[in-house]
Amino acid sequence: MNPFKTNIAEAVHALVDAVPAGKLEALLEVPPNPAMGDYSMPCFKLSKVLRKAPAAIAGELAAALADKPPAGFSRVEAVNGYLNFRLDPAALAETVIRSVREAGGRYGASGVGEGKTVVIDYSSPNIAKPFHVGHLRSTVIGQALANIHRFLGFRVIGVNHLGDWGTQFGKQIVAYKKWGDRDEVEKLGVRELVRLYVKFHQEAEAHPELEDEARAEFVKLERGDPEAKRLWQWFVDISLRQFNKIYDLLGVRFDYHLGESFYIDRSRDVVKELQDKGLLAEDEGALIVRLDEWNMPPALIIKKDGATLYHTRDIAAALYRKETYRFDKCIYVTDYAQNLHFAQWFKVIELMGYDWAGQLVHVPFGRVSLEGEGFSTRKGNAVWLEDVLEQAIEKTLAIINEKNPGLENKEEVARQVGVGAVIFNDLSASRIKDVVFSWETALNFDGETGPYVQYTHARACSVLRRAAETFGDGGDGGFDPALLAEEEARALLKDMLAFPEKVHQAMEKLEPSIVSRHLIDLAQSFNRFYHEHPIVVEDDALRKARLALVSAAASVLKTGLALIGLAAPEKI
């Protein structure tokens with residue numbers, strides 16, 4: 001993946017054949033102080049094998065490599081038990097720029113996932129409920145993971161596991177019948193359905209008998225009552241229309257929209273299988289799988305009234321996905337409040353005797369709150385994601401109209417940058433961190449943000465256009481790599497060199513923020529180079545070298561932005 005690391009490992013392995021080259025490569029670190037070198041091998045980790053002090057090991061290896069450093073390196077030094085390597089600037093520039101040119105938009109891609117299938121379950125909003133900012137996290141984390149896995153050769157199947165079943169639909173039906181108007185629902189969509197749902201809960205506080213009516217309506221729905229099914233399907237269709245509008249804005253795509261209702265019939269087979277395998281126990285009329293041995297509460301499979309639950313439907317969904325898609329990994333992107341839920345039914349799958357239970361992976365993320373409080377549809381305190389996206393687009397358009405009013409396709413650029421700001425704001429920090437939603441943060445375009453990275457890409461494209469107009473150079477011709485030895489150029493090249501490893505780490509750790517943070521580093525490195533060194537200069541050789549660097553940086557920025565779901569406008 002990194003040819004320079006491989007060269008170090010092979011050179012050291014030739015001197016220390018007791019340690020495999022792969023293990024030596026895994027030991028390599030990037031020193032915190034660049035003055036120490038570009039890569040460092042801590043020799044104390046070799047002491048046990050070589051039976052020598054780290055300083056002695058480092059000294060001997062440095063002496064052996066002094067006259068003939070690994071390919072691509074100019075110097076090897078021993079410092080306090082570390083073996084430090086300094087890259088040759090020309091080799092660094094030649095290798096990185098050539099690699100980016102040859103790969104184009106596939107720089108950093110690999111075939112590590114070839115022949116493997118990954119199912120990713122993400123977004124999963126509830127039908128007839130607000131698509132609020134709390135749903136953004138699952139949606140954009142899941143989409144980024146899907147993009148990254150596809151980029152690395154996996155066959156990816158994205159599934160939107162819609163919340164389209166449960167007693168809330170009995171409440172929705174009652175609310176619509178009592179206070180709803182068809183024309184208003186068609187006109188206002190989910191917002192009107194939510195208004196009716198909130199009204200139901202407000203009225204139920206004074207008239208608790210409404211809860212009984214709701215349960216009765218849901219029983220009718222479960223039994224296939226034509227009117228109940230017609231209303232339910234109408235609610236689903238209205239919700240999907242609004243959801244798809246948001247998915248289009250976010251650039252999110254699914255292979256399948258399969259809600260919980262799809263697994264109702266299959267849940268009965270799950271119950272029978274659990275019974276046949278002796279895993280079910282009765283508890284006050286309900287059916288459970290006891291998990292005391294694993295220090296977990298029991299998994300509730302069937303309620304007292306005979307209805308299935310989330311556990312039942314999730315088990316049915318996993319069995320269906322394994323049979324249908326033959327996955328090697330099935331990833332579930334939900335907030336960490338569901339950790340116990342997933343641990344329980346993953347264990348039930350294992351107890352059922354399925355050896356692929358270990359292929360089920362929960363990817364938890366921090367919760368989103370509104371000034372410290374959770375979102376609640378019944379209380380009506382949700383911030384609609386559609387409103388956030390629209391305001392971000394409006395703010396971006398206002399900035400464009402102020403600073404660059406003649407920009408072509410400015411409405412489309414405003415959409416790309418505004419939506420990008422919201423997505424990047426979510427993906428820039430570790431996914432496990434809690435997020436307190438604020439309009440100010442979500443619409444902030446300054447600092448380490450998506451618009452900053454997008455603007456950096458546009459700046460690079462602007463330099464290339466100016467060079468093409470003035471000198472006919474496009475940054476894709478021959479160049480002298482020795483002319484890219486400045487500290488700022490080397491820093492930018494090293495960030496580009498690290499990009500494939502960062503993408504692979506993001507896949508392994510299921511952490512898109514690794515890519516997001518690296519894009520910030522890359523953008524900052526580019527801007528330091530841009531400010532310190534004129535690019536479109538008269539000197540032909542120097543101009544061509546610097547343009548080659550700018551062109552490569554623009555390409556890597558565009559690739560990285562696409563992986564996390566952001567567009568890369570060429571003009572802003």
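Nothing here was measured: the structure is a model prediction, and the numbers come from that model.

Could you give an account of the overall build of the protein, with specific residues and numbers?
Broken down by element type, the protein carries 21 helices and 13 strands. Once the C-alpha set of the protein is aligned to its principal axes, its extents read approximately 85 × 65 × 40 Å. Across the 572 residues that make up the protein, the buried fraction comes to 53%. Expressed as a percentage of contacts within the protein between residues at least 6 apart in sequence, the contacts between residues at least 24 apart total 75%. When the accessible surface of the protein is split by element, carbon and sulfur atoms take 48% of a total near 25,300 Å². Seen as two clouds, the 69 positive and the 81 negative side-chain charges of the protein have centres 2 Å apart.

Summarise the packing of aromatic side chains; cite the residues concerned and give the values.
Tallying each qualifying case throughout the model produces 28 aromatic pairs. Consider the rings of Phe262 and Tyr320, whose centres lie 5.1 Å apart with planes at 75°: the pair is edge-to-face. With Phe262 in the loop between β6 (256-257) and α12 (264-276) and Tyr320 in helix α13 (residues 310-325), the pair connects residues that are 58 residues apart, well separated along the chain. Residue classification places Tyr320 among the buried positions, given a relative accessible area of 18%. Their ring planes at 65° and their centres at 5.8 Å tell us that Phe342 and Phe346 sit as a pair that is edge-to-face. With Phe342 and Phe346 both in helix α14 (residues 339-351) and 4 residues apart, this pair spans about one turn of that helix. Aromatic rings pair up to connect Tyr122, Phe131, Phe243, Tyr247 and Phe254 into one cluster. Over the aromatic face of Trp234 sits the side chain of Arg182, whose NZ or CZ is 4.2 Å from the ring centroid. Above the face of the Trp384 ring, Arg191 is positioned so that its terminal group lies 4.4 Å from the ring centre.

Can you explain the nonpolar core? Please cite residues and give values.
Of all hydrophobic cores here, the largest spans 150 residues; its most connected members are Val12, Met41, Leu83 and Met496. Here this core takes 13 residues from helix α11 (residues 226-250), the largest share from any one element. Counting 36 residues, the second-largest nonpolar core is a separate cluster that includes Val119, Ala318, Tyr325 and Leu360.

Any details on the packing of helix α18 (residues 450-471) against helix α20 (residues 513-532)? Residues and values, ideally.
Relative orientation of the contacting elements α18 and α20 amounts to 40°, with a least axis distance of 9 Å. Taken together, the axes of α18 and α20 are oblique relative to one another. Of the two elements, α18 crosses α20, and the hand of that crossing is left-handed. Across from Tyr452, Val453, Thr456, Arg459, Ala460 and Val463 in α18, the residues of α20 making contact are Leu519, Ile520, Ala523, Gln524, Phe526, Asn527, Tyr530 and His531. Residues that form the contact of α18 with α20 fall into these classes: 9 nonpolar, 4 polar and 1 charged.

Summarise the sheet that holds β6; cite the residues concerned and give the values.
Adjacent strands of a sheet form backbone hydrogen bonds with each other and so pair up, either parallel or antiparallel. Taken together, 5 strands build an open sheet; the order of strands is β6-β5-β4-β10-β11 and the sheet is parallel. Across the chains shown, the open sheet's two edge strands, defined by having one partner strand only, are β6 and β11 (360-365). When strand β4 (residues 117-121) meets strand β10 (residues 329-335), the two strands line up parallel, connected through 4 bridges. Of the residues in β10, the one forming a bridge with Asp121 is Tyr332. Relative to the sheet, α14 contacts β10 and β11, its axis offset from that of β11 by approximately 180°.

Could you give an account of unusual backbone geometry, naming the residues involved and the relevant values?
Even without being glycine, Ser123 reaches a positive phi, approximately 75°. Structurally, Ser123 can be placed in the loop between β4 and α6 (136-151). Taking relative accessible area as the criterion, Ser123 reaches 5% and is therefore assigned buried.

Report on the side chain of Gln168, specifying residues and quantitative values.
Secondary-structure assignment places Gln168 in helix α7 (residues 168-179). Polar side-chain contacts of Gln168 include one of 3.4 Å to the backbone oxygen of Trp165.

Please give an account of the sheet that holds strand β1 (residues 39-42) that cites residues and values.
Strand order in the open sheet made by the 3 strands is β1-β3-β2, with antiparallel pairing throughout. Two strands close off the open sheet at either side, each with one partner strand: β1 and β2 (73-79). For this sheet, the mean angle separating the axes of adjacent strands, direction not counted, is 20°. Here β2 runs beside strand β3 (residues 82-87); their pairing, made up of 6 bridges, is antiparallel.

An account of the environment of Trp439 is requested, with residue identities and associated values reported.
Within the secondary structure, Trp439 is located in helix α17 (residues 439-442). When the C-alpha atoms of Trp439 and Ala554 are compared, they prove to be 30 Å apart, with 115 residues separating the residues in sequence. Among all residues touching Trp439, those that are not within four sequence positions of it are Val383, Asp387, Val388 and Gln391.

Break down the side chain of Gln416 for me, with residues and values.
Looking at the element boundaries, Gln416 is found in helix α16 (residues 410-427). If we skip the residues at most four places from it in the chain, Gln416 touches Gln454, Ala567 and Pro569.

I'd love a proper account of the environment of Glu323, names of residues and values included.
When you line up the elements, Glu323 lands in helix α13. Under the relative-accessibility criterion, Glu323 is labelled exposed at 58%. With 42 residues separating them in the primary sequence, Glu323 and Ala281 have C-alpha atoms 27 Å apart.

Explain α7 to me, and be specific about the residues and the numbers.
For an α-helix the count is 3.6 residues per turn, leaving residues at separations of three or four pointing the same way. If you check α7, its first and last C-alpha atoms are 16 Å apart, about what 12 residues at 1.5 Å a residue would give, namely 16 Å. Buried residues dominate α7, accounting for 9 of its 12 residues. Of the residues making up α7, those classed as buried are Gln168, Phe169, Gly170, Lys171, Gln172, Ile173, Val174, Ala175 and Tyr176. Buried positions along α7 lie against α8 (182-188), α9 (190-206), α10 (209-222) and α11.

Got a sec to walk through the pairing of β1? Specific residues and values, please.
Residues Tyr39 and Met41 line one face of β1 and the alternating positions Ser40 and Pro42 line the opposite face, and both faces are buried. Here 4 bridges tie β1 to β3, and the two strands are oriented antiparallel to one another. Residue pairing across strands places Ser40 opposite Asn84, the latter belonging to β3.

Cut-offs and rules
- Residues numbered from 1 in each chain as written.
- Predicted model: local features only at pLDDT ≥ 70, side-chain atom pairs only at ≥ 80, totals over all residues.
- Heavy atoms only, no water.
- Helix = DSSP H or I, 4+ residues; strand = E, 2+ residues; numbered from the N terminus.
- Buried < 20%, exposed > 50% of the residue type's maximum accessible area, 1.4 Å probe, protein only.
- Contact = heavy atoms within 4.5 Å.
- Areas by Shrake-Rupley, 256 points an atom, 1.4 Å probe, with all protein chains shown as cover.
- Lys, Arg positive; Asp, Glu negative; His and termini not counted.
- Charge placed at Lys NZ, Arg CZ, Asp CG, Glu CD.
- Phe/Tyr/Trp six-rings, centres within 6.5 Å; stacked < 30°, edge-to-face > 60°.
- Lys NZ or Arg CZ within 6 Å of the ring centre and 35° of its normal.
- Core = buried A, V, L, I, M, F, W, Y, C linked by side-chain atoms within 4.5 Å.
- Axes fitted to C-alpha atoms, helices over the stretch in contact; angles between N-to-C directions.
- Parallel < 35°, antiparallel > 145°, perpendicular 65-115°, else oblique.
- Left-handed = near helix turned anticlockwise from the far one by under 90°.
- Nonpolar A, V, L, I, M, F, W, Y, C, P; charged D, E, K, R; others polar.
- Pairing = 2+ DSSP bridges.
- Polar contact = N/O pair within 3.5 Å; in protein donor to acceptor, adjacent residues only side chain to side chain.
- Expected span 1.5 Å × (residues − 1).

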